[in-house]
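Letter by letter, the chains look like this.
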Amino acid sequence: MTAARTLDVAGMALDERVARFGRPLMKPGPGLDPEVLHREVLEEPTELELAAEGRLDPVDLEIFLHKLDSIIDDGRDVCKYLSMAEMLQAGDLGVGIFTAKGDLAGMSTGVILHALLHYGPVKYVLKHYVDDPTVGLADGDIFFFNDPDAGGVHTYDHFLMMPVFSDGELLAWVACGGHQGETGSRSPGGWSPEIGTRYEEGLHITPLRVGTDFRFHTDHLEFLLNSVRTPRQNSLDMKARLAVCVRLRQQLLREVERRGAAFVAAGLRQSIKASAALARRRIAGFNDGVYRSVVFLDTIGIDDGLIRLPVELHKRGDELVIDLAGASPEPRIGPFHLRWHLARAASAAALFPTVFRGLRWSIGLFDPIKLTAPPSIVNAPSRDSGTGSGSHTGRVVVQGLLLAAMRMLHDSPHRAGVTAPFAENLLLIQFGGAGQYGNQIAGGPANGNATGQGARFDLDGEHSAGFFWAMVVDCPGPEEQERKFPWVYLFRNRFDRDVCGLGRYRGGVGLTDCFVIHGTPELRSNSVGTGSRFTKNYGLFGGYSGAAQPRIIIRGSNAKELMAAGSRDLPMSVRELADRRRISGDYAFGHTNSEGETVRDGDVVVLARGCGGGYGDVLERDPDAVLADVADGITSPEVAVRLYGVVLAAGGSRVDAEATEARRTEIRAERKRQGRPYSEFVAEWSQRRPPPEALRHYGEFPAPVQKIDDRQYPTEPAADSGAWHR
Amino acid sequence: MPSAEAAGASAGPSLLDVDIGGTFTDAFVVLDGRRATGKSLTTHADLSDGMIAAIGEAARRLGCDPADAFAAADAVKYSTTVGTNALIERTGPKVGLITTAGQEDTVHVARSRSWADGMPLEVQIDRTRAQRPDDLVPRSLRVGVRERIDCFGEVLMPLSTDDVLAAVDHLVRQGVRAIAVCLAWSFMNPAHERQVAEIVRREYPDSVLGRCPVLLSSEVAPRLDEYRRSITTILSAFLAPDTEQHVIDLGDRLRALGCRKPLLVARNIGGVASPSRTTALHLLGSGPVAGLAGAAVAARDYGLDRVITADMGGTSFDVGLVIDGQDRNYEFDPVIDRWRVHLPVIANYSIGAGGGSIAHLTDTGELRVGPRSAGSMPGPACYSQGGAEPTVTDADVVLGFIDPDRFLGGAMPLSRRRAERALARRIADPLGIDVAEAALRVRRLIDGVMGQEIYRQTALEGHDPRDFTMFAFGGAGPVHAAAIAGYADVHTVATFPHGSEFNAYGVATMGVMQTYERTRMVQLFDGEAHTDETDAFNSVVRSLIELAERDMAEEGFGMDSVTLRLELDMNYGGQHHTVRLESPRLLLEGSDDAAAVCDAFNEVFAAAYGEGSIHPYGGILVQLFRLVAGASGYQLSGRANGARSAAKPERPASGADGSEKDHRAGALSGRGEQPGHTVREVCWPGAGPVETPVYDRAALADGFSAEGPALMEDVDTTVAVPPGWTYTLDEHRTGWLTTEAAT
């Protein structure tokens, strides 16, 4: 027997790290097989695919892809239209079409992660169930899944997938689903930041055949609906997903009728190969090098605390290696543990819209990408760690990777993709209780879809423009939400001042909600997010970061009395609310994460969604642009002078050019006075250390040390049959 | 069909109908049952010049003095796109917005993704380069007033009169010329908005302020969603002055010409109405909607219950649907310019694809066609006007579909050499293929993309495209129609003579119509039983009928000549999206009637989204009531009685059975000998270069039929008949392209 050997990850060569940690490190379990989650992006071709390979010329392929994408987008729209959950209606969902062997050939707009993960359950079914006589696979089968470890996202994201057969031969797979918001976890709405293990997160369904012959099994459906607080909502949304899968299948089969099964099968495969080839060609055009960034989370579970995540992006020839070595250890509390497959899917949110801007999205874009993550919070090995909100750690991967990738992209022909990150100081909240119509609610508003955009290399970020995980998603308006949820807004669509990232180009301002609970005696709530203390809305190339923001609740408030009296004391901004405190009641300022709190009729809740980071030096911002920001109420005259060095005249209606030049000269001189040799800076900076309570989950400071047992993480993982439990 | 020929006499109104397009103004004139068309260049400085010229030409073609035509007309109707320029060039008046305090940035946030609205798909997914349009109302002119109403319409906070006075004072000082008012939940309870209007009227009479209209969102667009409601109100204010002035000038001009009868405008929500009952927003895009109305009439004439219109011009490809003879398919979430609006706009989808669409290679070497267009200047390379980029028209010339010497009847010779050179430099050489192959790829790609758009509007809307007939319009339409149809899974195509004047014909077919909407949530089924909310239902419908009675009386129609149709936007409990239903009952007399409405809704829902998607367990709700009141009069109902055909025309059906082939053969043999034709080499996708017969379409006899490959040339277009397709000309000069199976 070989003796155990402890290895320090920091000392390993990159390729060794890829070999040992370039895969999910969790152990297999019932319905869970890490091996299927890190297979090649494109499996060996089927006979059907081979039969027509080479018959599709570029125009055939282009037209076929056009049709494929139309079918997928239609599926996404139908899912939005038919669903009841607020987030699904807002488009926080994914639709995908896969090859017969489970490789993603086309994906919808919406949340980038979803379809990119669903190869997992498809490949699990193919590997373990097809030949199992107790399960099998047939035309009309319907599979449900939500377990993040199996290829879901959150536990509260629910999905269906369905095989597509043509003349008895497996042709393709379709899948659809998204943020359901209620999954029978210990608190309403799904996210439970206070949990200790995954067993408190509600349903964990690995691919489960819930229907045959295109119909749900009543017993399975009732089991699922009986496990959640909102059976009516969940049942409607199950039907919506089924309708989408059936529709996708019908459209694919119509194309088979027109063009033949081999044509369609080859087209699906070809689409992945084309994306892979284009991705490699794009990467080859960038400068070889190593691009680095370090980012942090400021909450873990419901605790304050720093989590570190360094990102190294290695560009070698036509390949990228994302190295996440040096991250904080697996904390084993809270639901924020990430697995390798979700970390890779998260990288798409950083890379697809920027580095791969303009290329068609499919799993093929991952072909030239390797991701390695030693055991830590970003590739948690423990089976019982909570992963229901692993994507919250995935967000840090997105931010860090984007910052690193922008350094690569800037000096390239694709500079138009250079941007500071979208705001990610998300504060997402879920409510459970009685609605104003006497109905049962469990879910939250989709206002995270209106965060501020990061500044671009040549443009300001747009205000309240979207959600970093998703493309083309809606943020419902105040009326739509006041119809769904029992509250009224005191203010919402009014931009805050001095919160966006400043720079030569500034970030966009995100929404801030302030609402009064109205029409219900009380609601229970959970919330998650980051960036209450330590902002994650980073600036780029000298741009300032977007502000951190707290969660505020005023309990026992007199807000409704003030409204009835038409009082002028009601605040119209967070600053006014917090500084003047004209609403009476108990003010609670906290970080983003909470669980099981109660808010009552008349309580006031404030949630901010975060603002984009800035780009470049503030002193290079066009003074007229600063003037416009002041006029629009997003920059105060004080900040204009103090940070931008822009002096306004004539009551703030024009720029005083001379005074501005003088002020900017003064600021530059001050900068020079503050300048020191680098070694001097490092010497002083290295003496600093956050307070111990902030480092409880951090690992060794400043850089967590990762030591592993050589035998536990071999370079050649043992093949796993996945049948250990049978 | 809209034949320009004088077409037999019959009783009926004398009508002067006009479509004012971007380039041409077309007239369709009916005098004493005789019809003629006229055409003029659009006169942008004063649109009435072109309009009067086009009417004059048509009148003269009927042997009538234009002055007599104006005097004899029972109505003058027109569609136009005037007002669009005010939007694009931002030449409208300074508009101020009064809204609920704390929500002043709603029109900017615009549901967060407004940067993508109204933009082509490739821009929509390019989030990194997202850019919103400039605000129509800048932040400094958006003023909040303290007030709050909740989702039940209950007042939680009274309206602050002081805030209103301060807001108006601020806006007036800023020089606004119109005020839009949009307060939260005003569609449920408009009291606060009305109070604002009253305060402005009281404190700022016209004598003080000059004319400064105050538009209330609860009147302009009484529906949920403050963003769309605000924008619809703002756009109405923004576009009003240009439009109103234009209509006033036109009315004066017509009266000076001796016209004493009503002037009616076509609207994008369907039908025509007097200008006083029309907002400026209704005029945008009314031309294509008129064309769709004409297509609906033609569909009824031919007994077609599924028609898709495909209009391919130089820069855009427009698609509309006619289902069961009805053109009233609403755009799901209409966008005007770059803003989503609350308007029941008749669906007419447009993508950037046309003869002028530019073919190019991406930086990774993939061929793309459009959406950028060479327009009319410089135009395609073959126009020899300086255009160096290859276009679809250039590909058509290179492949032989367009004869360079007979373009526009020979009025505009084209350069095949320049077309070849552009394709060679930009496409063929970089890809290492020959020019013909490059041209073929360009043509196949644009046909595929356009076919896909039709597929999207049919198959993905729950229809089977194989049930549809495509009406192909536009200069570039018939050249590509059959190929597009192939990609769209459509097997029958109709091409019309003078298709470019179809919109004007469509205006002629439009009757007076008014549409009224009210947002009210009424539950008809609670998941277990039909509810007793019939009183609430009926009360809303009756209030809408009262409005219809008032307006129709003012238009000169008694209710006995008015048809009422109730449309309901409905959903299952908890859904936000609604599905439109033409209600089987106008008023509900009991639970049986409620059940009938619910049954009809389930049926419509299942047809759109599949049987498995219906969910009555969640409850069935009406979310919005829409009453459409139509009056017959001032309109054509189809072909003139006693015109070319006495019998109801029948289209030649596609199919393989012998009787149909016999029918066509019989038609041919009955018309005498095969007409003369020339031959030229045309390179057909899938078949390569083929010596192809080319017919002069004008010289073909009724009933003529030919198998593809063939070309039918006319002055304004060429009909391409690919291999596997058959062309048949009927007695109304409609050319039918049919195939047994699309490829």
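So, how was this worked out
Residues numbered from 1 in each chain as written. Chains lettered and ligands numbered in written order. Predicted model: local features only at pLDDT ≥ 70, side-chain atom pairs only at ≥ 80, totals over all residues. Helix = DSSP H or I, 4+ residues; strand = E, 2+ residues; numbered from the N terminus. Rg over C-alpha atoms; globule rule 2.2 N^0.38 Å. Buried ≥ 20, exposed ≤ 12 C-beta atoms within 10 Å, placed from the backbone. Contact = placed C-beta atoms within 7 Å. Domains from an automatic or database assignment. Nonpolar A, V, L, I, M, F, W, Y, C, P; charged D, E, K, R; others polar. Pairing = 2+ DSSP bridges. Axes fitted to C-alpha atoms, helices over the stretch in contact; angles between N-to-C directions. Parallel < 35°, antiparallel > 145°, perpendicular 65-115°, else oblique. Left-handed = near helix turned anticlockwise from the far one by under 90°. Expected span 1.5 Å × (residues − 1). Bend = angle between axes of the 7 residues up to and from the residue.

Asks: Tell me about the overall build of chain A, and name the residues and values.
Replies: Within chain A, the secondary structure is distributed over 19 helices and 26 strands. Taking 2.2 N^0.38 as the reference for a compact globule, 726 residues should give roughly 27 Å; the C-alpha atoms of chain A span a radius of gyration of 26 Å, in line with that estimate. Expressed along its principal axes, the backbone C-alpha trace of chain A runs to roughly 80 × 60 × 60 Å. By the burial criterion, 62% of the 726 residues in chain A qualify as buried.

Asks: Requested: an account of the overall build of chain B, with residues and values cited.
Replies: When its secondary structure is counted, chain B shows 19 helices and 32 strands. By the burial criterion, 57% of the 743 residues in chain B qualify as buried. A sequence separation of at least 24 residues applies to 67% of the contacts in chain B between residues at least 6 apart.

Asks: I'd like to hear about the domain arrangement of chain B, residue by residue, with values.
Replies: All names here are of chain B. Looking at chain B, the domain boundaries give domain 1 (91-239) and domain 2 (512-631). Measuring from the centre of the C-alpha atoms in domain 1 to the corresponding centre in domain 2 gives 29 Å. Every contact between the two is made by four residues of domain 1 and, on the other side, four residues of domain 2. Per-class residue counts for the side of domain 1 that touches domain 2 are three nonpolar, no polar and one charged.

Asks: If you had to explain the sheet that holds strand 11 (residues 303-316) of chain A to someone new, which residues and values would you point to?
Replies: Residue and element names in this part refer to chain A. Taken together, four strands build an open sheet; the order of strands is 10-11-12-13 and the sheet is mixed. Of all strands in the sheet, those with a lone pairing partner are strand 10 (289-300) and strand 13 (369-372), marking the two edges. Ignoring which end each strand starts from, the neighbouring axes of this sheet average 20° apart. Pairing analysis gives five bridges linking strand 11 to strand 12 (residues 319-323), with the strands arranged antiparallel. Across the sheet, the residue bridging to K315 is L320, located in strand 12.

Asks: An account of unusual backbone geometry is requested, with residue identities and associated values reported.
Replies: Residue P702 of chain A follows F701 of chain A across a cis peptide bond; omega there is 5°. The topology assignment puts P702 of chain A in the loop between helix 19 (678-685) and strand 26 (707-709). With an omega of 5°, the peptide bond between G708 of chain B and P709 of chain B qualifies as cis. Tracing the sequence through the fold places P709 of chain B in the loop between strand 28 (705-707) and strand 29 (710-713). Positive phi outside glycine occurs at R111 of chain B, with the angle close to 60°. Here R111 of chain B shows up in the loop between helix 4 (106-109) and helix 5 (121-124). When the 21 C-beta atoms within 10 Å are taken as the criterion, R111 of chain B is described as buried.

Asks: Provide a residue-level description of the sheet that holds strand 21 (residues 492-495) of chain B, including the pertinent values.
Replies: Residues and elements named next belong to chain B. Taken together, eight strands build an open sheet; the order of strands is 17-14-13-20-21-32-31-28 and the sheet is mixed. The open sheet has two edge strands, strand 17 (349-351) and strand 28, and neither has a second partner. Sheet twist, expressed as the average angle between the axes of neighbouring strands with direction ignored, equals 20°. Here strand 13 (residues 306-312) runs beside strand 20 (residues 469-473); their pairing, made up of five bridges, is parallel.

Asks: Would you mind going over the pairing of strand 19 (residues 367-373) of chain B in detail, with residue names and values included?
Replies: Residues and elements named next belong to chain B. Pairing geometry for strand 18 (residues 357-361) and strand 19, over four bridges, is antiparallel. The partner of A359 across the bridge, within strand 19, is V369. The turn linking strand 18 back onto strand 19 is made up of five residues, and G365 within it adopts a positive phi angle of 85°.

Asks: Residues and numbers for the domain arrangement of chain A, please.
Replies: Interfaces are often sized by the amount of accessible area the parts lose when they come together. Residue and element names in this part refer to chain A. Entries for chain A in the domain assignment read domain 1 (54-280), domain 2 (284-618) and domain 3 (629-674). Centre-to-centre, using C-alpha coordinates, domain 1 lies 26 Å away from domain 2. Facing 55 residues of domain 1, the contacting portion of domain 2 comprises 58 residues. When residues of the side of domain 1 that touches domain 2 are traced back to their parent elements, those giving at least two are helix 5 (86-89), strand 3 (104-107), strand 4 (110-111), helix 6 (112-117), helix 7 (119-129) and helix 10 (261-284). Looking at the side of domain 1 that touches domain 2 element by element, the count peaks at nine residues for helix 10. Grouping the constituent residues of the side of domain 1 that touches domain 2 by class yields 26 nonpolar, 18 polar and eleven charged.

Asks: I'd like to hear about the pairing of strand 23 (residues 604-608) of chain A, residue by residue, with values.
Replies: All names here are of chain A. Here strand 23 lies mainly inside the structure; five of its five residues are buried. Both faces of strand 23 are covered, namely the face carrying V604, V606 and A608 and the face carrying V605 and L607. One ladder, built from five bridges, connects strand 18 (residues 512-517) with strand 23; its direction is antiparallel. By the bridge assignment, T512 is partnered in strand 23 with A608.

Asks: So what's going on with the packing of helix 4 (residues 58-82) of chain A against helix 14 (residues 435-458) of chain B? Which residues, and what values?
Replies: The geometry of helix 4 of chain A relative to helix 14 of chain B is characterised by a closest axis approach of 9 Å and an angle of 15° between their N-to-C directions. Taken together, the axis directions place helix 4 of chain A and helix 14 of chain B in an arrangement best described as roughly parallel. As helix 4 of chain A packs across helix 14 of chain B, the resulting crossing turns out to be right-handed. For the pair helix 4 of chain A and helix 14 of chain B, contact is made by V59, E62, I63, H66, K67 and S70 of chain A and by R441, R444, L445, G448, V449, Q452, Y455 and R456 of chain B, respectively. Here the contact of helix 4 of chain A with helix 14 of chain B is built from residues that sort into five nonpolar, four polar and five charged.

Asks: Could you give an account of the interface of chain B and chain A, with specific residues and numbers?
Replies: Contact with chain B, which involves 63 residues of that partner, is made by 74 residues of chain A. Looking at the side of chain B that touches chain A, the elements that each hand over two or more residues are helix 4, strand 8 (155-157), helix 10 (226-256) and helix 14 of chain B. Examining the composition of the side of chain B that touches chain A, we find that eight residues originate from one element, helix 14 of chain B, more than from any other. Tallied by class, residues from the side of chain B that touches chain A come to 23 nonpolar, 22 polar and 18 charged.

Asks: Go over the packing of helix 12 (residues 392-399) of chain B against helix 14 of chain B, please, and point to the residues and values.
Replies: Residues and elements named next belong to chain B. Helix 14 packs onto helix 12 with a crossing angle of 130° between their chain directions and a minimal axis gap of 9 Å. One finds that helix 12 runs oblique with respect to helix 14. In terms of crossing hand, the pair formed by helix 12 and helix 14 is left-handed. Facing helix 12, whose interface residues are V392, A395, D396, V398 and L399, helix 14 presents V435, A436, A439, L440, V442, R443 and I446. Tallied by class, the residues present in the contact of helix 12 with helix 14 amount to ten nonpolar, no polar and two charged.

Asks: Give a description of helix 13 (residues 416-431) of chain B that names residues and reports values.
Replies: All names here are of chain B. Taking 1.5 Å as the rise per residue, helix 13 with 16 residues should run 22 Å; its terminal C-alpha atoms sit 21 Å apart, in good agreement. Maximum bend of helix 13: about 50°, positioned at A424. Within helix 13, the full set of buried residues consists of R418, A419, E420, A422, L423, R426, I427 and A428. G432 occupies a position one or two residues after helix 13 and carries a positive phi of about 70°.

Asks: Which residues make up the environment of R668 of chain A, and what are the values?
Replies: Within the secondary structure layout, R668 of chain A lies in helix 18 (residues 657-674). With 49 residues separating them along the chain, R668 of chain A and L619 of chain A place their C-alpha atoms 8.5 Å apart.

Asks: If you had to explain the environment of L254 of chain B to someone new, which residues and values would you point to?
Replies: Residue and element names in this part refer to chain B. Relative to the assigned elements, L254 resides in helix 10. Distance in space between the C-alpha atoms of L254 and F471 is 34 Å, their sequence separation being 217 residues. Excluding residues within four positions of it along the chain, L254 makes contact with F70, V76, C259 and L263.

Asks: Any details on the environment of A694 of chain A? Residues and values, ideally.
Replies: All names here are of chain A. Along the chain, the position of A694 falls in the loop between helix 19 and strand 26. On the basis of neighbour count, A694 is assigned to the partly exposed category, with 18 C-beta atoms found within 10 Å. Linking A694 and G136, residues 558 residues apart in sequence, is a C-alpha distance of 51 Å. Discounting chain neighbours no more than four positions away, the residues touching A694 are D304, G305 and L306.

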